[in-house]
Amino acid sequence: MDRWLDQQAAVRSKRGLERALIMRTPHDTGVDLASNDYLGLARDPRLAAAARDAVDTWGTGSTSSALVAGTTELHTELEAALAHLVSMESALVYSSGYLANLGVITALGGPATFIVADSHCHASIVDGVRLSRSPHAMFEHNSLDEAEQLLAGRTEPRALLVVESIYSVLGDAAPLAELLALAVRYDAVLLVDEAHGIGVVGAGRGAVSASELAGHPNVIVTATLSKALGSQGGAVLSSKRVREHLINRSRSFIFDTALAPAAAAAAHTAIEIIRAEPSLASEVGRRATRLMDGIALRQPAMAERFDRGVGAVQSIRMPNAAAALSAMQSARSAGVMVGCFRPPSVPDGISRLRLVARATLTEAELDRATSVLSSVLGDET
């Protein structure tokens, strides 16, 4: 085993794909363009107060699985708030968004369910498909024609069409209305991962609600509480019938410890803020545009490498993994934290800098970020 591990480490080093944990401190003064805290709520005092109250009332942990003793009134209140936010009939909370995707796909999958998924779907979806034991196929990113061909050729009695509303690498949107039309035409269920849509588009309610798909009998939504909602956890939003099935068949719900009460309370408070302050979502888009326009103004030759997303996520294509890693390190040394996406994290194999806008970025922070990134990218050309 040790010899194999050494060989694997050597391969990663040669390909420029080594990864390491980057520790944050409470006193970081840099500009954060790396986290998924889209609305800046992770440090909002209202969420912190709700979490403290939950700890005082319920303790630091949920103490068991949701089906044994882990469900509190905070969990049921959060589920009701999530369902109302996204305009779905019901919600079921998981301890992470990853487990929500894993849980719903495996519970609905099996040898009689054909799963068709977009090739840019998140690893949690890919793993769920693999674990489901379902016959499956991936279609070219956002290709309606290929998705239809796969659905039309199926022989299984059930089908699941799986996409993300906004994709995590390119930040581009799925054609949800057209995908739902395909699902209806071929008697399939459309499963939409809203990890990067809730809090960011549709006045914060997400792309499914904005596209008027919410509540359709052929639609199921998954969500994370750890991005725009500034907390931790995940959820499946669906009909009551699907929720009942998940409670009885979803292994990542049944056998996992329930979401900590503090996280449930913080997420619920974030939902209340989003509903009360829908302008927060538009601020994310405005700052994303301001950021990318600022870099393009200083480095116009780089603009052709931009993949401009419709929400918070923006990315810049880099020549190779080593160049992406070098640029990320240079930016961080200058006080601007950005993401570095390299294979296998990028579904198209192209290494990128990933820039994430946040509703609370100040003009001074945006100026600093555009200046630093323009300089760093200029050095890479």
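Scroll up to find the structure this text is about.
Keep in mind that what you see is a predicted model, and the values were worked out from it rather than measured.

Undergrad: So what about unusual backbone geometry? Which residues, and what values?
TA: Residue proline 344 follows proline 343 across a cis peptide bond; omega there is 5°. With respect to the helices, strands and loops of the structure, proline 344 is situated in the loop between β11 (336–341) and β12 (352–356). Even without being glycine, alanine 203 reaches a positive phi, approximately 55°. By the element assignment, alanine 203 lies in the loop between β6 (189–193) and α9 (207–210). Judged by its relative accessible area of 43%, alanine 203 falls in the partly exposed class.

Undergrad: Hey, could you go over the sheet that holds strand β5 (residues 158–164) for me, with residue numbers and the actual values?
TA: Here we have seven strands laid out as an open sheet, ordered β2-β8-β7-β6-β5-β3-β4, and mixed in their pairing. Each end of this open sheet is capped by a strand with a single partner; those strands are β2 (90–94) and β4 (136–139). The mean inter-strand angle of the sheet, taken between neighbouring strand axes irrespective of direction, is 20°. Direction of pairing for β2 relative to strand β8 (residues 234–238): antiparallel, over a ladder of five bridges. The residue bridging leucine 92 from the neighbouring strand is valine 236, located in β8. Sheet contacts for helix α4 (residues 73–86): β2 and β8; angle to β2, the most-contacted strand, approximately 125°. Those strands touched by helix α5 (residues 97–108) are β2, β3 (113–118), β5, β6, β7 (219–224) and β8, and its axis lies near 155° from that of β7.

Undergrad: Explain the environment of threonine 60 residue by residue, including any values.
TA: Among the structural elements, threonine 60 can be located in the loop between α2 (45–58) and α3 (66–70). On the basis of relative accessible area, threonine 60 is assigned to the exposed category, the value being 69%. Sequence separation between threonine 60 and alanine 177 is 117 residues, and the spatial gap between their C-alpha atoms is 42 Å. The contacts of threonine 60, once residues within four sequence positions are left out, are Val55 and Ala260.

Undergrad: Residues and numbers for the sheet that holds strand β9 (residues 306–307), please.
TA: Sheet architecture is open: five strands sit in the order β1-β11-β12-β10-β9, paired in mixed fashion. Each edge of the open sheet is held by one strand with a lone partner, namely β1 (31–33) and β9. Bridge count for β9 against strand β10 (residues 313–317) is two bridges, and the pairing is antiparallel. The partner of phenylalanine 306 across the bridge, within β10, is isoleucine 316. Sheet contacts for helix α13 (residues 279–298): β1, β9, β10 and β12; angle to β10, the most-contacted strand, approximately 20°. Running over the sheet, helix α14 (residues 321–333) touches β11 and β12 and is turned about 165° from β11.

Undergrad: Residue-level account of the pairing of β12, with values.
TA: Counting buried residues along β12, five of its five residues qualify, which places the element largely inside the surrounding structure. Alignment of β10 against β12, held across five bridges, turns out to be antiparallel. Paired with serine 315 across the bridge in β12 is arginine 354. Here β11 runs beside β12; their pairing, made up of three bridges, is antiparallel. Its bridge partner lying in β12, glycine 339 is registered against arginine 354.

Undergrad: For α2, give the residues involved together with the corresponding values.
TA: The end-to-end C-alpha separation of α2 is 20 Å, in line with the 20 Å expected for 14 residues at 1.5 Å each. Against α4 and α12 (261–276) lie the buried residues of α2. Its side-chain oxygen placed 2.8 Å from the backbone nitrogen of arginine 46, aspartate 44 serves as the N-cap of α2. Directly beyond the C-terminal end of α2, a positive phi value near 95° is found at glycine 59.

Undergrad: Talk me through the environment of lysine 240; I want residue IDs and the actual numbers.
TA: By the secondary structure assignment, lysine 240 is in helix α10 (residues 240–249). In this structure, the C-alpha to C-alpha distance between lysine 240 and serine 90, residues 150 residues apart in sequence, is 5.7 Å. Apart from the residues within four sequence positions on either side, lysine 240 is in contact with Glu89 and Ser90.

Undergrad: Summarise a nonpolar patch on the surface; cite the residues concerned and give the values.
TA: Together, Met1, Trp4 and Leu5 line one region of the surface with nonpolar side chains, adding up to about 370 Å² of accessible area. Here leucine 5 is to be found in helix α1 (residues 2–15).

Undergrad: Give me the lowdown on the packing of α4 against α12, citing residues and values where you can.
TA: Two elements in contact, α4 and α12, have axes whose closest approach is 9 Å; the angle formed by their N-to-C orientations is 30°. Taken as axis vectors, α4 and α12 run roughly parallel relative to one another. Here the hand of the crossing between α4 and α12 comes out left-handed. For the pair α4 and α12, contact is made by Leu74, His75, Glu77, Leu78, Ala81, Leu82, His84 and Leu85 and by Pro261, Ala264, Ala265, Ala267, His268, Ile271, Ile274 and Arg275, respectively. Across the contact of α4 with α12, the residue classes tally to eleven nonpolar, three polar and two charged.

Rules and cut-offs
- Residues numbered from 1 in each chain as written.
- Predicted model: local features only at pLDDT ≥ 70, side-chain atom pairs only at ≥ 80, totals over all residues.
- Heavy atoms only, no water.
- Helix = DSSP H or I, 4+ residues; strand = E, 2+ residues; numbered from the N terminus.
- Buried < 20%, exposed > 50% of the residue type's maximum accessible area, 1.4 Å probe, protein only.
- Pairing = 2+ DSSP bridges.
- Axes fitted to C-alpha atoms, helices over the stretch in contact; angles between N-to-C directions.
- Contact = heavy atoms within 4.5 Å.
- Expected span 1.5 Å × (residues − 1).
- Polar contact = N/O pair within 3.5 Å; in protein donor to acceptor, adjacent residues only side chain to side chain.
- Patch = residues over 30% accessible without salt bridge, like charges linked within 9 Å, V, L, I, M, F, W, Y side chains within 5 Å.
- Areas by Shrake-Rupley, 256 points an atom, 1.4 Å probe, with all protein chains shown as cover.
- Salt bridge = Lys/Arg side-chain N within 4 Å of Asp/Glu carboxyl O.
- Parallel < 35°, antiparallel > 145°, perpendicular 65-115°, else oblique.
- Left-handed = near helix turned anticlockwise from the far one by under 90°.
- Nonpolar A, V, L, I, M, F, W, Y, C, P; charged D, E, K, R; others polar.

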